[in-house]
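# Structural overview for review
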There are 2 protein chains.
Amino acid sequence: MSNQYGHFDDESREYVITRPDTPLPWLNYLGSDEMFGLCTNTAGGYTFWKDAKLRRLTRYRYNNVPMDLGGRYLYVNDGGVVWNPMWKPLKTALDRYECRHGLGYTKITGEKNGVEVEVLYFIVPGENVEIWRTRVTNKSGSKKDIQLFSYQEFCFFEALNDMTNYQRTYSIGEVEIEGSAIYHKTEFRERRSHYTLFACTRAIDGFDTSRDAFCGSVHHGLHEAQVPAKGKATNSKAFGWNPIGSHQVSLSLEPGASETMSFVLSYVDHGDLPKFKAPFVLNKQKGKEILAKYSAPGVVDGAFAQLKADWAGILSNFQADCPDEHARRMLNTWNQYQCMATFNLSRSASMYETGIGRGMGFRDSNQDLLGFVHLVPERARQRILDIAATQLSDGTCYHQYQPLTKKGNADIGGDFYDDHLWLILSTCAYIKETGDKGILKEPVGYADKPGSKEDLLHHLETSIAYTMKKRGPHGLPLIGHADWNDCLNLNCFSTEPNESFQTAGDVKDSKAESVMIAGLFLYASREMAGLYDWMGQKSDAARMREQYAEMLAVVEKEAWDGEWYRRAYDAESRPVGSKENEEGKIFIESQGWCVLGGAGADNGRAKQAMESVHKHLYTKNGIVLQQPAYSTYHLELGEVTSYPPGVKENAGIFCHNNTWIHLGWCLLGEGERALEYYLSICPSAKESQIETYRAEPYVYAQMIAGKDAPVFGEAKNAWLTGTAAWTFVSVSQGILGVQPQYDGLKLDPCVPKAWKSFSISRRFRGATYEISVKNSGVCKGVKKLTVDGKTVAGNVIPLSPAGSTVRVEIEMG
Amino acid sequence: MSNQYGHFDDESREYVITRPDTPLPWLNYLGSDEMFGLCTNTAGGYTFWKDAKLRRLTRYRYNNVPMDLGGRYLYVNDGGVVWNPMWKPLKTALDRYECRHGLGYTKITGEKNGVEVEVLYFIVPGENVEIWRTRVTNKSGSKKDIQLFSYQEFCFFEALNDMTNYQRTYSIGEVEIEGSAIYHKTEFRERRSHYTLFACTRAIDGFDTSRDAFCGSVHHGLHEAQVPAKGKATNSKAFGWNPIGSHQVSLSLEPGASETMSFVLSYVDHGDLPKFKAPFVLNKQKGKEILAKYSAPGVVDGAFAQLKADWAGILSNFQADCPDEHARRMLNTWNQYQCMATFNLSRSASMYETGIGRGMGFRDSNQDLLGFVHLVPERARQRILDIAATQLSDGTCYHQYQPLTKKGNADIGGDFYDDHLWLILSTCAYIKETGDKGILKEPVGYADKPGSKEDLLHHLETSIAYTMKKRGPHGLPLIGHADWNDCLNLNCFSTEPNESFQTAGDVKDSKAESVMIAGLFLYASREMAGLYDWMGQKSDAARMREQYAEMLAVVEKEAWDGEWYRRAYDAESRPVGSKENEEGKIFIESQGWCVLGGAGADNGRAKQAMESVHKHLYTKNGIVLQQPAYSTYHLELGEVTSYPPGVKENAGIFCHNNTWIHLGWCLLGEGERALEYYLSICPSAKESQIETYRAEPYVYAQMIAGKDAPVFGEAKNAWLTGTAAWTFVSVSQGILGVQPQYDGLKLDPCVPKAWKSFSISRRFRGATYEISVKNSGVCKGVKKLTVDGKTVAGNVIPLSPAGSTVRVEIEMG
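All values derive from a computational prediction rather than experimental measurement. (Residues numbered from 1 in each chain as written. Chains lettered and ligands numbered in written order. Predicted model: local features only at pLDDT ≥ 70, side-chain atom pairs only at ≥ 80, totals over all residues. Heavy atoms only, no water.)

## Topic: the overall build of chain A
The line we're drawing: Per the convention used, a helix needs a DSSP run of H or I reaching at least four residues, while a strand needs a run of E reaching at least two, with both numbered from the N terminus. Throughout, radius of gyration means the C-alpha value; the globule benchmark is 2.2 Å times the number of residues raised to the power 0.38. Contact between two residues is taken to exist if any of their heavy atoms lie within 4.5 Å; hydrogens are not considered. In this description, accessible areas are obtained by the Shrake-Rupley approach with a 1.4 Å probe, and a residue is regarded as covered only by the protein chains that are shown. By the counting rule applied here, Lys and Arg register as positive and Asp and Glu as negative, while His and the ends of each chain are not counted. Where a charge lies is defined by one atom per residue type: Lys uses NZ, Arg uses CZ, Asp uses CG and Glu uses CD.
Along its length, chain A carries 20 helices and 42 strands. Radius of gyration (C-alpha) of chain A: 27 Å, near the 28 Å computed for a compact globule of 813 residues. C-alpha extents for chain A along the principal axes are approximately 80 × 60 × 50 Å. Once local pairs closer than 6 in sequence are excluded, the contacts in chain A between residues at least 24 apart make up 67%. By element, 49% of the accessible surface of chain A is carried by carbon and sulfur atoms, the whole surface being about 24100 Å². Across chain A, the mean location of the 89 positive side-chain charges is 2 Å away from that of the 98 negative side-chain charges.

What follows is the structure, encoded as structure tokens:
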């Protein structure tokens, strides 16, 4: 059974949606630099500059009824028949509807009664300009007189205030209209030196800036807006209440004729220019320049071509041709595209995250970098330094920071005792990708010591030292508020409904320990040892190995439960994730991280732990987080027990951590398992069960309902999830086995035996490696490596000069 | 020109709305105790328990499109014709629509094709139960088979989380259905010991608890909900996403027949009962008891009768018969009703305040008490003690506190240097009303000294001392973050768009001074002197009078500008509200408070200041806050200059402070002016210009757009405003002149000369005074007072025993 709502167009790198009434709104993102937009398949969503909380340009209502209402709308009035090419808000039946979500753009085409309207939405690379390129074509046999109306609602920049403080916001709205440009200048008179421009590249025949005037009254919805229904703008000028932007364009099209224009939405940084040219009259210089630029012939199309070219360039760093269609299309296009989104947005703004609650997460963004360092290394570099700057001198970190200010969020605070270790993973991944060890000497300082200039390496050492020092009764690392599993709160003891589980408890003198952090520490300290090896700092490397050995001994002594690794010890030193527990006997995270950290490698426990995952946690829709699901609230375990069984951390399929198990299977050489597990959470592979899965089939979801839930297999929270970066790692480095090293590119695939051949094109440190793999029927093992025809010992391709193209052949066997 | 949308029904104490498409949603409140509901004329709104932020039971989307969408809906399917008696969401044209907003209830009647549905919404006095009593009548000549559906959407209690954190909230929704009862039990498994019950007193024929199932999909709006359209519930059980409550009731009605049932929405406090009777099966004992109680014959009608009786009793404490229709109906019914709302809700939840940003305000609630002490004195007593407990030992106060926890809001903090003085006004008003000086000895303590037990009198002394001590270069009181005018921020110097103007500046070492606080201090210290006089503490009274005299001298020396009192001195000691300023030359607040505090009484300045108000600030729609309006942002003045000219504090008509001028005219004996000014902001008097005014004509608004605004006369923010309490004071004590004193009831009317007679019925300390006034053509002056036929010297009625009825006659002349 195929997906009745759409399909992949692999060649165009687009997902094509052919019915607007998808099971859930299917989202795409516009923008890759400083301005971003959310855009669903019916053009729902909003646009912001840098920070979805503090600089929101257009307004959106989450969880509305209909769920996705508000966005970048066009209304067509064709002889009294009124419709939207994007179906909503009117939902007039269309003769044809198509939405193409591409890389950084969405193109929606609607057709009715012989009129076709194609709208291409994108944000211009490197500029704060969103384009709605609109082409209206008369495909009928007779002349058409058409009234076209644009519509979007301005947001007053600070999103939370915008939606909670109407006793102020209803009184502050201000606009100006000049020519075809609408200037949204609320609060510009006071502390803002920016405004929002919404303009049309063509002369207009009317406008509206009052929402009530456009709709007809406070009682009219967008689906019954009176201006498009009547085919006549009112030229309203908003004063307070809710300013919107709407242009009227009257088109008279002969049969076969077509007209193209663009609507331009821009965040205009006014800088230090004089604010006004007369009392209450905005100095519009910058806005006019923008409109003039994009009104010139070819500029819009050129900008779009640039966007396409940019993406083609970025993706050419990694392309693979492997036998599995799902793995192939995800890896080559959508997974890398999603990695860009998580890099840019962390967990801030999606259909599930409102841009208000969360900024950039310390652990999130470090992990996101693992899937991003090969895309745009120089941006990764800056991000690493930004993140490190939110670490405190004792080793703990601000758990989140606002992208606009780059300052840690005091409300959420710190004391998540895994946070700092992830910085080691991202830094090492960046250096392996680039060879840029200079980053280690960059002065960063600590958030609690303004003006301090300790370098990045100091941060990494502080992180290692912190975990070694902050350990509990078993010698395992303390967990603090929580580790990666935000919901396992072993020190919170929360009894008060409205408090945060994460920040409720005082972690001072806390004793609860995390096996997962221990495994992560093994991984991180081994990474540090390798880094020092490469830099020739032997004693430092040895020091790291000592600490590794010490922690490994603790893990093997204190964390093994008999058939798997325990998850943690609670504040009373009772095991969590043990056969001793009634519920929550086995957790996924500690199996993943102990195995990836090298525990159980010599004593068979790694294999046994993984088999226990298979026996107790694996399902056809992925690996559930733990079993059995908790049926009641446990004060001593926190939020994990607050969810209904089968969702989120309470035995839901949390896709992010699935990838650690995929990597574990690769480590163990189990190529069949690795692919099978991967496909169990692969969205492309869910098209055949889309009515159950519901979410976007082109990007990974954070969570799929587990077997304990009545909706087993239903996905939630697509897009902004660590699954993106980690899946790129697990498939590109685990299954396909292309592993950047400090001194070369290691090849160590772990694939199904039936994969007879596959190939990878990888740009690495400026050289391009065209790798082809032949497999004589094994899962793992490289028996021969040839580089430009010459056999090389081992399985690491030596570095070639930047600019060169290198042919690489390997034989597995 | 009368109001085409509705009219007062004075006898029924109802406002009757006859067209649903009012210029703005016109709101009413349900509930007077612990459970409250907002209910518009199309049944929009939501319900909460105690705290609109922390215990919200039903969900509402502010500023939606249409603006007011979501509420307590009923859908009727009558042979395929689908409609709502409350018009929305479907907005099917009705044959008849009527909404009657009464005291604590709203009754909406819709009729179509011979079917009449009358819904009476109210909250049961003293219980956490909201009733939707529904009567369906077949007025047609033929039998009707009708499907009736209820609909409301559950909120997950914590309103901000509910609207911002979908990555959690979409996964936690849980319900149970048993019989005709829907139990919304989200988070009940963990830290909540309460749930929401939504039940029908009649057997039902189906139900829905999934919003998507009720609507049809995520793409369907409430106006196209499929369940009512198809006439068939789906018996959906929500798991995650958005739980709603909907019952289906199938009715078969012969011509003339009618059936009545109630939908019951309840906040059920589960207490310490066992939570579950089986795994995942709620212990429904309390919910069942509630439903059983209200299903019994007569109980709902009895509860409604009780509500009506309660209000009749409360209002009988003050009733007046005066020649002006507007003043009469506002004073006797709507103003007192609005005082109850402001007492209960402070500024937390209205159509403009979302229940999220603000809790109970220190200065707000103290002022609200001035209009409430005569309504339910024992509740006023507790409120005074609660408020006082949020004062700090240095005299400053938490500016706001959460009603659920009664703890000060640390986010907003304190240092608004007028806050503490209002506590003196509310306490004295309470003691004058009740004679209960025992309240002064109640141990309250200070918020920063847990366990402290200083009494209320100590707080009042601390307040006086604080203002005397914290004074600036001119000897005037320092202003801190702001005084009553939250937007006059003389120490903030805010340049950062997303920061609060109020809390931006550090007020330590600040020098800016407030003349308004000086005037308020005069008033408060004189009140303290009077209180001490009455208690026989002569030296304390004298001490207060010394401080009064000291401050008065400062005011007269430093605050007089030549024709009016200045408003303030800024941080650089430059005058604000002076002829020396280019804009903001004259402000309203300092004229009001200096005059009320007794400044200018002996030297003609009081009269001159009031005449300057008349000349520069008075308009037919009320007195604007200052003139000329600020045209640019002034860093040194703050938020006041951030508003467009003519709205809010930037020369809007801020009705609250208008009342101080009304009282000032009364003090000066200008009865014509007092009434004319009062009518300029009186909502009942706005019915003739309702298309301009737009807001509810039955309650005062916070703000009316001033003459500088293009929408001069448009009102905003009806309901939750200090205007309610202060207008009750200005009309009942100022114009009608009925002034509670410690030892009796003073009569000192100030009326238009043309008022030949009027009467007041006043319950005071348990006795009822039937007062009739004869006026021989003056504005002010009592020449004769007779009590039960006996002439009494002066104009104070001596106290009579509780339970007695006393006939009082006065002659003005």
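## Describing the packing of helix 7 (residues 325–345) of chain B against helix 20 (residues 723–735) of chain B
Residue and element names in this part refer to chain B. Applied cut-off: Only C-alpha atoms enter the line fits that serve as axes; for helices the fit covers just the stretch in contact. Angles between N-to-C directions range over 0 to 180 degrees. The crossing is said to be left-handed when, going from far helix to near helix, the turn is anticlockwise and less than a right angle, and right-handed when the turn is clockwise. Under the scheme applied here, ten amino acids are nonpolar (Ala, Val, Leu, Ile, Met, Phe, Trp, Tyr, Cys and Pro), four are charged (Asp, Glu, Lys and Arg), and all others, including Gly, are polar.
Running from amino to carboxyl end, helix 7 crosses helix 20 at an angle of 145°, the nearest separation of the two axes being 8 Å. In this structure, helix 7 crosses over helix 20, and the sense of that crossing is left-handed. Packed against helix 7, whose contacting residues are Leu331, Asn335, Gln336, Gln338, Cys339 and Thr342, the element helix 20 presents Ala724, Ala725, Thr727, Phe728, Val731 and Ser732 at the interface. When grouped by side-chain class, the residues that make up the contact of helix 7 with helix 20 number six nonpolar, six polar and no charged.

## Observations regarding the domain arrangement of chain A
Quick note on the threshold: Here the bounds of each domain stem from an automatic or database domain assignment.
Here chain A is partitioned into domain 1 (13–312), domain 2 (347–468), domain 3 (471–651) and domain 4 (738–812). On a C-alpha basis, the centres of domain 1 of chain A and domain 3 of chain A stand 48 Å from each other.

## Considering the relation of the copies chain B and chain A
Rule in force here: Superposition of the copies used a least-squares fit over C-alpha atoms from residues whose pLDDT is at least 70 in both.
Once turned by 180° and shifted 0.0 Å along the axis, chain B lies on chain A with an RMSD of 0.1 Å. Here the copies are linked by what is in effect a two-fold axis. Same-surface contact between copies: 100% of interface residues of chain B are shared with the interface of chain A.

## Quick look at the UniProt feature "domain: Glycosyl hydrolase 94 supersandwich" (unreviewed entry) in chain A
Put simply, the test is: UniProt positions are given in the numbering used here, feature names are shortened, and annotations may be inferred rather than shown by experiment.
Taking the UniProt record as the reference, the feature "domain: Glycosyl hydrolase 94 supersandwich" (unreviewed entry) is found at residues 13–296 of chain A. Counting secondary structure, residues 13–296 of chain A comes out at 11% helix and 44% strand; the distance between its end C-alpha atoms is 29 Å.

## Section: the interface of chain B and chain A
Often the size quoted for an interface is simply the accessible area lost on bringing the parts together. This is how it is decided: Note on definitions: buried area is the accessible-area loss of two parts on being combined, 1.4 Å probe, summed for both. Salt bridges are counted wherever a side-chain nitrogen of Lys or Arg sits within 4 Å of a carboxyl oxygen of Asp or Glu. A 3.5 Å cut-off defines polar contacts: any pair of N or O atoms within that distance qualifies, except that in protein one atom must be a possible hydrogen donor and the other a possible acceptor, and neighbouring residues in sequence count only when both atoms are side-chain atoms.
Facing the 86 residues of chain B at the interface are 86 residues of chain A. With both chains or domains summed, chain B and chain A bury close to 7400 Å², and 56% of this area falls on carbon and sulfur atoms. Between chain B and chain A we count four salt bridges in total. Here Glu639(A) ties to Arg168(B) by a salt bridge, and the two come within 2.9 Å at their closest N and O atoms. Remark: the boundary between chain B and chain A carries 61 residue pairs in polar contact (both at pLDDT 80 or more).

## A closer look at unusual backbone geometry
Geometrically, the link from Val65(B) to Pro66(B) is a cis peptide bond, its omega value of -5° lying close to zero. Following Gln627(B), the chain continues to Pro628(B) via a peptide bond in cis, the omega torsion being -20°. For Pro628(B), the location among the structural elements is in the loop between strand 31 (626–627) and strand 32 (653–654). Positive phi, close to 65°, is recorded for Lys50(A), a residue that is not glycine.

## What to know about the sheet that holds strand 35 (residues 738–741) of chain B
All names here are of chain B. Note the threshold: At least two bridges found by DSSP between two strands are what make those strands a pair.
Spatially, 35-36-41 is the arrangement adopted by the three strands of the open sheet, whose pairing is antiparallel. Across the chains shown, the open sheet's two edge strands, defined by having one partner strand only, are strand 35 and strand 41 (796–798). The sheet shows a mean angle of 30° between the axes of neighbouring strands, taken without regard to direction. Where strand 36 (residues 744–747) lies against strand 41, three bridges are found, and the strand directions are antiparallel. When the bridges of strand 41 are listed, leucine 745 appears paired with isoleucine 797.

## Regarding the UniProt feature "domain: Glycoside hydrolase family 65 C-terminal" (unreviewed entry) in chain A
When the UniProt feature table is mapped onto this chain, "domain: Glycoside hydrolase family 65 C-terminal" (unreviewed entry) is found at residues 743–778 of chain A. The distance from the first to the last C-alpha atom of residues 743–778 of chain A is 27 Å, and the span holds 0% helix and 58% strand.

## Considering the pattern of salt bridges
For clarity, the threshold we go by: With a 1.4 Å probe rolled over the protein chains alone, any residue whose accessible area is under 20% of its type maximum counts as buried; one over 50% counts as exposed, and the rest are partly exposed.
One pass over the full model with this rule turns up 128 salt bridges over all chains. Here Lys557(A) ties to Glu558(A) by a salt bridge, and the two come within 2.9 Å at their closest N and O atoms. Judged by its relative accessible area of 18%, Glu558(A) falls in the buried class. Residue Glu118(B) pairs with Arg133(B) through a salt bridge whose shortest N-O separation is 3.3 Å. Of the two residues, Glu118(B) sits in strand 11 (residues 115–123) while Arg133(B) sits in strand 12 (residues 129–138), which places them 15 residues apart along the sequence. Since its relative accessible area comes to 12%, Glu118(B) is described here as buried. Three or more residues are tied together by salt bridges with common partners; here these are Arg168(A), Glu187(A), Glu190(A), Arg191(A), Arg192(A) and Glu639(B).

## Here we look at helix 7 (residues 325–345) of chain A
Residue and element names in this part refer to chain A. Spelled out, the test is: To estimate the expected span of a helix, count its residues, drop one, and scale the result by 1.5 Å.
Between its first and last C-alpha, helix 7 extends 28 Å over 21 residues, near the 30 Å set by a 1.5 Å rise per residue. Counting buried positions along helix 7 yields 18 of 21 residues, so the element is predominantly enclosed. Put simply, aspartate 324 is the residue that caps the front of helix 7, since its side-chain oxygen is 3.1 Å from the backbone nitrogen of histidine 326.

## Observations concerning the packing of helix 13 (residues 515–535) of chain A against helix 14 (residues 538–559) of chain A
Residue and element names in this part refer to chain A. Rule in force here: By definition in this entry, angles of less than 35 degrees are roughly parallel, angles greater than 145 are roughly antiparallel, angles of 65 to 115 are roughly perpendicular, and the rest are oblique.
Two numbers describe how helix 13 lies on helix 14: the axes approach to 8 Å, and their chain directions differ by 160°. The orientation of helix 13 with respect to helix 14, classified from their angle, is roughly antiparallel. Once helix 13 is placed against helix 14, the crossing between them reads as left-handed. On the side of helix 13, the interface is formed by Val515, Ala518, Phe521, Leu522, Ser525, Arg526, Met528, Ala529, Gly530, Tyr532 and Asp533, while helix 14 contributes Asp540, Ala541, Arg543, Met544, Arg545, Gln547, Tyr548, Met551, Leu552, Val555 and Ala559. Partitioned by chemical class, the residues of the contact of helix 13 with helix 14 number 14 nonpolar, three polar and five charged.

## Brief notes about the packing of aromatic side chains
Selection criterion: Note on aromatic contacts: the rings of Phe and Tyr and the six-membered ring of Trp form a pair at centre separations within 6.5 Å, being stacked when their planes are under 30 degrees apart, edge-to-face when over 60 apart, and tilted otherwise.
Applying the stated criterion to the full structure yields 100 aromatic pairs over all chains. Measuring from ring centre to ring centre gives 5.2 Å for Tyr60(A) and Tyr62(A), while their planes differ by 90°; the resulting arrangement is edge-to-face. Per residue, the accessibility class of Tyr60(A) equals that of Tyr62(A), and both read buried. Judged by centre distance (5.2 Å) and plane angle (50°), the ring pair of Trp334(B) and Tyr698(B) falls under tilted. Remark: Tyr698(B) occurs in the loop between helix 19 (690–693) and strand 33 (701–704) and Trp334(B) occurs in helix 7; sequence separation between them is 364 residues.

## Re helix 13 (residues 515–535) of chain B
All names here are of chain B. Taking 1.5 Å per residue, 21 residues should reach 30 Å; helix 13 reaches 30 Å between its end C-alpha atoms and fits that length. The element helix 13 is largely enclosed, with a buried count of 15 among its 21 residues. Following helix 13 by one or two positions, glycine 536 has its phi on the positive side, about 80°.

## Describing the sheet that holds strand 33 (residues 701–704) of chain A
All names here are of chain A. With respect to topology, three strands assemble into an open sheet ordered 32-33-34, the strand pairing being antiparallel. Each of the sheet's edge strands pairs with one partner strand only, and the pair in question is strand 32 (653–654) and strand 34 (715–718). By the bridge criterion, three bridges tie strand 33 to strand 34 in an arrangement that is antiparallel. Across the sheet, the residue bridging to isoleucine 704 is alanine 715, located in strand 34.

## Structural notes on the pairing of strand 14 (residues 175–178) of chain A
All names here are of chain A. Relative to strand 15 (residues 181–184), strand 14 is paired through four bridges, and the arrangement is antiparallel. Its bridge partner being in strand 15, glutamate 176 is matched across the sheet by tyrosine 183. Between strand 14 and strand 15, which follow one another and run antiparallel, lie two residues, and glycine 179 among them has a positive phi close to 60°.

## Here we look at the environment of Arg211(B)
Mapped onto the secondary structure, Arg211(B) falls in helix 3 (residues 211–215). Sequence spacing of Arg211(B) and Gly669(B) is 458 residues, and the spatial spacing of their C-alpha atoms is 61 Å. Setting aside residues no more than four positions away along its own chain, Arg211(B) makes contact with Asn63(A), Asn64(A), Val65(A), Met67(A), Arg59(B), Arg61(B), Tyr151(B), Glu153(B), Asn242(B) and Ile244(B). Polar side-chain contacts of Arg211(B) include one of 2.7 Å to the side chain of Glu153(B).

## A short note on the environment of Cys155(A)
All names here are of chain A. Of note, cysteine 155 is situated in strand 13 (residues 144–157). On the basis of relative accessible area, cysteine 155 is assigned to the buried category, the value being 1%. Between the C-alpha atoms of cysteine 155 and tyrosine 46, which are 109 residues apart in sequence, the distance is 9.0 Å. Those residues in contact with cysteine 155 that lie beyond four places of it in its chain are Arg56, Leu57, Thr58, Arg59, Asp162 and His184.

## Describing the environment of Leu679(A)
Residues and elements named next belong to chain A. Along the chain, the position of leucine 679 falls in helix 18 (residues 671–681). Taking the C-alpha atoms as reference points, leucine 679 and tyrosine 742, separated by 63 residues in sequence, lie 31 Å from one another. Discounting residues that sit within four places of it in the chain, leucine 679 has contacts with Asp324, His326 and Ala685.

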